[in-house]
Number of protein chains: 4
Amino acid sequence: MTKIKTCIVGASGYIGGEAVRLLLGHPNIDLIAVTGNESAGKRLDEIQPNLRGYSDLVYQKEIPEADVYMLSLPHGEAQNVVPRLKGKVVDLSGDFRLQDTAKFEKYYKAPHKQPELLKKFAYGIPEINRSRIREAQYVAAGGCFASAAILSLWPLRELAAGRAIVDGKTGSSGSGIKPGEKTHHPFRASSFFAYEMFHHRHTPEIEQASGVEVLFQPHSTPLVRGVFTTSYVPLKREMSADEVFDVFRKAYAGERFVRLSKGTTNVNNVKGSNFIDLGVAAEGRTAIVFAAIDNLVKGGAGQGVQCLNLMCGLPEEAGLLMPPAQP
Amino acid sequence: MTKIKTCIVGASGYIGGEAVRLLLGHPNIDLIAVTGNESAGKRLDEIQPNLRGYSDLVYQKEIPEADVYMLSLPHGEAQNVVPRLKGKVVDLSGDFRLQDTAKFEKYYKAPHKQPELLKKFAYGIPEINRSRIREAQYVAAGGCFASAAILSLWPLRELAAGRAIVDGKTGSSGSGIKPGEKTHHPFRASSFFAYEMFHHRHTPEIEQASGVEVLFQPHSTPLVRGVFTTSYVPLKREMSADEVFDVFRKAYAGERFVRLSKGTTNVNNVKGSNFIDLGVAAEGRTAIVFAAIDNLVKGGAGQGVQCLNLMCGLPEEAGLLMPPAQP
Amino acid sequence: MTKIKTCIVGASGYIGGEAVRLLLGHPNIDLIAVTGNESAGKRLDEIQPNLRGYSDLVYQKEIPEADVYMLSLPHGEAQNVVPRLKGKVVDLSGDFRLQDTAKFEKYYKAPHKQPELLKKFAYGIPEINRSRIREAQYVAAGGCFASAAILSLWPLRELAAGRAIVDGKTGSSGSGIKPGEKTHHPFRASSFFAYEMFHHRHTPEIEQASGVEVLFQPHSTPLVRGVFTTSYVPLKREMSADEVFDVFRKAYAGERFVRLSKGTTNVNNVKGSNFIDLGVAAEGRTAIVFAAIDNLVKGGAGQGVQCLNLMCGLPEEAGLLMPPAQP
Amino acid sequence: MTKIKTCIVGASGYIGGEAVRLLLGHPNIDLIAVTGNESAGKRLDEIQPNLRGYSDLVYQKEIPEADVYMLSLPHGEAQNVVPRLKGKVVDLSGDFRLQDTAKFEKYYKAPHKQPELLKKFAYGIPEINRSRIREAQYVAAGGCFASAAILSLWPLRELAAGRAIVDGKTGSSGSGIKPGEKTHHPFRASSFFAYEMFHHRHTPEIEQASGVEVLFQPHSTPLVRGVFTTSYVPLKREMSADEVFDVFRKAYAGERFVRLSKGTTNVNNVKGSNFIDLGVAAEGRTAIVFAAIDNLVKGGAGQGVQCLNLMCGLPEEAGLLMPPAQP
């Protein structure tokens, strides 16, 4: 089979780097180019030294012709780039996730520049939107916190009796490769704090895709990789943990990247992988759903590759089955 | 002034060790003895090597006569020890915190052995129970998660419209000095997980002391020190963040160990100190209260010393004012 | 091609778990069994929860017939097990690494139980012993610190003017999966200390395989994965950094798993991979060689798989080329 | 007794912040001002949030008159500031540590601007230079790595048979409060690497103060606080560990901030304190000396306060005896 020519647009950061890592190991992909503004002219392994020995690619400024483009750009830039691309596009940013342009403007503090294009984007979480992704030319892969929360809430959308509370926790890699005060090692290594009270951008994304109203509160942890969410869901009726688990078992039957447990779960088990591990508990009229993902994989590049596979008629799990490591 | 003769019963663990550290630096205390079963016969600095150069104390098995006893024993043991002690007692365990023996039995899985003695215990969080602590012979200092949650909820007890959700996060030192699977460094360093769904022992303690019904869900983080709680409180009416902040400002006016902020807070700022840093947010009919403490100090030995000071007529902050360090 | 039936004997620890991870992804291996004493009867993913979804293997007590056995047993046990096995054996322990039984007895504090068998073992670091490994029935894969130090010193064996000093640093996973005081998270997370002065077991292993006399001093760091060694080598004559680098370049020309740099290197770049990254510096009559490996892969299971590949006539890099991740 | 009016010049970083912490708790010091360029106009606790509740100081641009100035400025700036100051000065930077201006120029890449002033500076490690510090108007406190190495080597200066190798390891706080690539949490948390081969600035400082020639090689660890050095010292004759220990015991008899051990030591025991913990081993003609300090205290602000105490006729340990904490 001919390999699919793929270009990663914006491959200098953590998620872009993970996209490179995954696509270099993908049996059906030919990674023909990586682009970067500040990185232009540098060898791939100058920016991603872990990847030394795998590729002779050099960052370039111009985007070449390709069958598929995976975009990992700063917020707002994908809106400028997508109109110029011919071919399929998987966008890993937040630019095309919200279909409601008023909400986009409220949460992203700027009007959407491509409202017409927006309509052509399918939302990229395969477990809840597979058939649309298969047919889409454009996919906006789900965000890190959003993916964890949406897959926690979606099976309960008919059972929820009002607003759920989603308490989210993220590792420092979620802030990207650029150093900053909040990710300065002496500070972050012993910090735990909340941020963006009531108004995080993933709030409308979670509600749009899960069908459940939420109060979402993110926190920063000293983890490097990993997003963990705890979702407290008010139920219309009393349900046992077993009943709630059964709802999830049916909702995700056959899903290769969903691993279900009764009780808790742990980000430690999904590091480097495309899995979402979900744990379920319930008592009275409250369900608690725990979700653990690697924010750079199932919450980033891995989900993008999963979407890309669907869009290109490849096996959904292609290039994504390397087992995660312990410890 | 004569110094108060104090004995720390059970000084081999982390909280007992912090009690030693604080009392060695306390201007009004004469630390006359430290006890330990397995440590008996060893020098203090064999178990607490950080304290080398500060004391010639040797762990002893027998408890000597003292003016005050600070107990840092495994759960259940304080019930056996307290009846034998003459003098004031500050217990840092959970043995005497719950006044309702039925709840004690439910959450601690054993009937209380000293129900009569239990009645003589004052609950030890000075900010909400100062006058009783001053007069008490026996004090049960508040637990780590419980202290953070109680001080988050107590000011809102008249304003809360039903059950609050308290999402708690703890560092590994909360599990004590004994190595175990969940605190094995290769595992814990990249773990985040929930535990004890719906039935953690601090649940009834929080409700008893704060007057607010709660769903409490604890989680483990890769922090060493620190408890952070996020409390979601449904309000009887809409309140702004400023209004809620004002409630807290009045509730804790003049409190030396409470530091209030609008917005978030961070465990990083309280490491090694007796402070509780509280952050407040609100929107519509929901308040969110963030609390950060050092679980071994304000959630352990420091709170015990604060209680001891009150019980002995000393300045409440004596021995507790060393400034916390950054980073 | 028929797959090679492989059994991992002792698959409950970290190195055994990594062997499982690597062999499950190996195109030419059929992992037919995993054994374990305490784990017997449990599913693989009860002990290695990261591997859930990859295998239905259940730990068994008995060792079945196989083409190849990979042994990851506590020190001393391989000596009892190997005589009973028919087939090829890769031992990941220290039992068969030292050919000099007197040195074995001195450093391992017990006489060797199988001196005759010992002679049949090839030392398992392919980069310096490839042809013998290819023909061997039995291979003793090099230890973690030893592999880093040996590959740092071996190219300089003719140039060294006397004893080299090797200052080693290891992550906590090197101590294994069993919790202990020195790997207790609250302790280890802010610890740095030396251990086993002058007499670490890897000392004679380094000297035997590198041909350079050493003073080896190990230290513990708060890393989870990774061994880093700094080797200070006295030279017979003045050499520039470029000259020393050239020696290394020639010594390791064509080696897939050796990545050379002028200057420093970093364990961060080799996490989860079979690479050894070597950095070289020199001034006057001193060379400094820096080595970074993942102690569980190039210093453990990965090196074992590399040896297994050679022993079985497979491509040396089979199953070992998944790119390492950042961060 | 009248308190000594002290100003901290440059109090916005980690070492400056530690100076504030220590002097706020110092019984004989009146901290009258803190200065900062970018921080000017901000309250102390905006930059040092841990110190909230301890002081109403506001950062100012101008340096007021004071009895003593403690300087914690970026490299090179103290040379401009000191000439303008009337009063005693403790400089915590490297500007006035090297008496040999040629070496200064070689290692600091710029000629010294105040060679005359330089001669008036005493080198600030009290354990080896107490009498000069007592009489000095100007003191240049020893650097972090340098202090650890000097106190490791100085007792052996007559016994050393040539160049010692000092392998140094530092936590991330040693790089200061300004975020950068090498201290970005996602990177640093799993990194171990060497830097500045052969030419680190502390090399001539170590040699000048210890009287022993050294090859000094620094490394970065994922610790936050702590410097650990391993010094390999060739001896003129064979010495046992006991003999070497005895040399240290005599050299540091009565020193309040030196804690000696046979064998290893650990940075974990000195966090937040002014101690240097030294461990000693020896075999044949080689001694190994391990040193552990808190780089911000004994390797920074604490050492500065210790010098200040001597210069002002105060008890040497004033303000420095708060016991370190575990864990």
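Definitions and cut-offs
Along each chain, residue indices are assigned from 1 in the same order as the chain's sequence is written. Chain labels run from A onward and ligand labels from 1 onward, assigned in the order the entries are written. With the structure being a predicted model, the display of local features is reserved for residues of pLDDT at least 70 and the display and counting of side-chain atom pairs for 80 or more, all residues being used for whole-chain, interface and lining totals. Side-chain metrics rest on all non-hydrogen atoms present in the structure, leaving aside hydrogens and water. Exposure is judged per residue with a 1.4 Å probe applied to protein chains only, and the accessible area is read against the type maximum: over 50% gives exposed, under 20% gives buried, and values in between give partly exposed. Starting at the N terminus, helices and strands are each numbered in turn, a helix being any DSSP run of H or I of at least four residues and a strand any DSSP run of E of at least two. By this definition, two strands are paired if DSSP reports at least two bridges between them. We call two residues in contact when some of their heavy atoms are within 4.5 Å. Once two parts are put together, the accessible area they lose, assessed with a 1.4 Å probe and summed over both, is termed the buried area. Whenever Lys or Arg places a side-chain nitrogen within 4 Å of a carboxyl oxygen from Asp or Glu, that contact is recorded as a salt bridge. Polar contacts, as counted here, are pairs of nitrogen or oxygen atoms within 3.5 Å of one another; within protein the pair requires one atom able to donate a hydrogen and one able to accept it, and residues that are adjacent in sequence qualify only if both atoms are side-chain atoms. In the scheme used here, Gly and all other residues not listed as nonpolar or charged are polar, with Ala, Val, Leu, Ile, Met, Phe, Trp, Tyr, Cys and Pro taken as nonpolar and Asp, Glu, Lys and Arg as charged. Axis definition: a line fitted to C-alpha atoms, over the contacting stretch in the case of helices. Angles run 0 to 180 degrees between N-to-C directions. By convention, the crossing between two helices is left-handed when the near helix turns anticlockwise from the far helix through less than a right angle, and right-handed when the turn is clockwise. Here the copies were fitted onto each other by least squares, based on C-alpha atoms from residues at pLDDT of at least 70 in both.

A. Molecular detail of the pairing of strand E12 (residues 276-283) of chain D. Residue and element names in this part refer to chain D. In terms of burial, E12 is a largely internal element, seven of the eight residues being buried. Bridge count for strand E11 (residues 258-262) against E12 is five bridges, and the pairing is parallel. In the strand pairing of E12, Leu260 is matched with Leu278. Note: E12 against strand E13 (residues 286-293), eight bridges, orientation antiparallel. Along E13, the bridge assignment pairs Gly279 with Phe290.

B. Looking closely at the interface of chain A and chain C. The partner chain C presents 29 residues to the 29 residues of chain A that form the contact. Between chain A and chain C, the buried area comes to about 2,600 Å², and carbon and sulfur atoms account for 49% of it. It is Tyr54, Gln326 and Pro327 of chain A in chain A that bury the most area against chain C; as a group they hold 27% of the surface buried on that side. Here chain A and chain C share zero salt bridges between them. Counting across the interface, chain A meets chain C through 22 residue pairs in polar contact (both at pLDDT 80 or more). Counting residues per element, the ones that place at least two in the side of chain A that touches chain C are helix H1 (14-24) and strand E11 (258-262) of chain A. Looking at the side of chain A that touches chain C, its residues break down into 16 nonpolar, seven polar and six charged.

C. Up close: the packing of helix H6 (residues 126-135) of chain C against helix H11 (residues 301-311) of chain C. Residue and element names in this part refer to chain C. Here H6 crosses H11 at 40 degrees, and the two axes come no closer than 9 Å. At the point where H6 passes H11, the crossing takes the right-handed sense. Two secondary-structure elements touch here, H6 through Pro126, Glu127, Arg130, Ile133 and Arg134 and H11 through Gln303, Gln306, Cys307, Leu310 and Met311. Among the residues forming the contact of H6 with H11, the class breakdown is five nonpolar, two polar and three charged.

D. Quick look at the interface of chain B and chain A. Across the boundary between the two partners, chain B contributes 39 residues, which contact 39 residues of chain A. Summed over both sides, the interface between chain B and chain A buries roughly 3,200 Å², with carbon and sulfur atoms accounting for 66% of that surface. It is Phe192, Phe198 and Tyr232 of chain B in chain B that bury the most area against chain A; as a group they hold 20% of the surface buried on that side. Seen at the junction of chain B and chain A, the total is two salt bridges. The partner of Lys169 of chain A in a salt bridge is Asp167 of chain B, and the shortest N-O contact between them spans 3.2 Å. If you list the elements that add at least two residues to the side of chain B that touches chain A, you get strand E7 (164-170), helix H8 (185-188), strand E8 (193-194), strand E9 (214-220), strand E10 (227-234), strand E12 (276-283) and strand E13 (286-293) of chain B. For the side of chain B that touches chain A, the element with the highest residue contribution is E7 of chain B, accounting for four residues. Of the residues in the side of chain B that touches chain A, the class split is 21 nonpolar, 13 polar and five charged.

E. Representation of the relation of the copies chain B and chain A in the model. Between the two copies, chain B and chain A, the superposition gives an RMSD of 0.0 Å; the rotation angle is 180 degrees and the shift along the axis is 0.0 Å. Viewed as a symmetry operation, the transformation between the two copies matches a two-fold axis. Considering only C-alpha atoms, the residue of chain B closest to the rotation axis is Pro222 of chain B, which sits at 3.2 Å. Both copies contact each other with a shared surface, as 100% of the interface residues of chain B are interface residues in chain A too.

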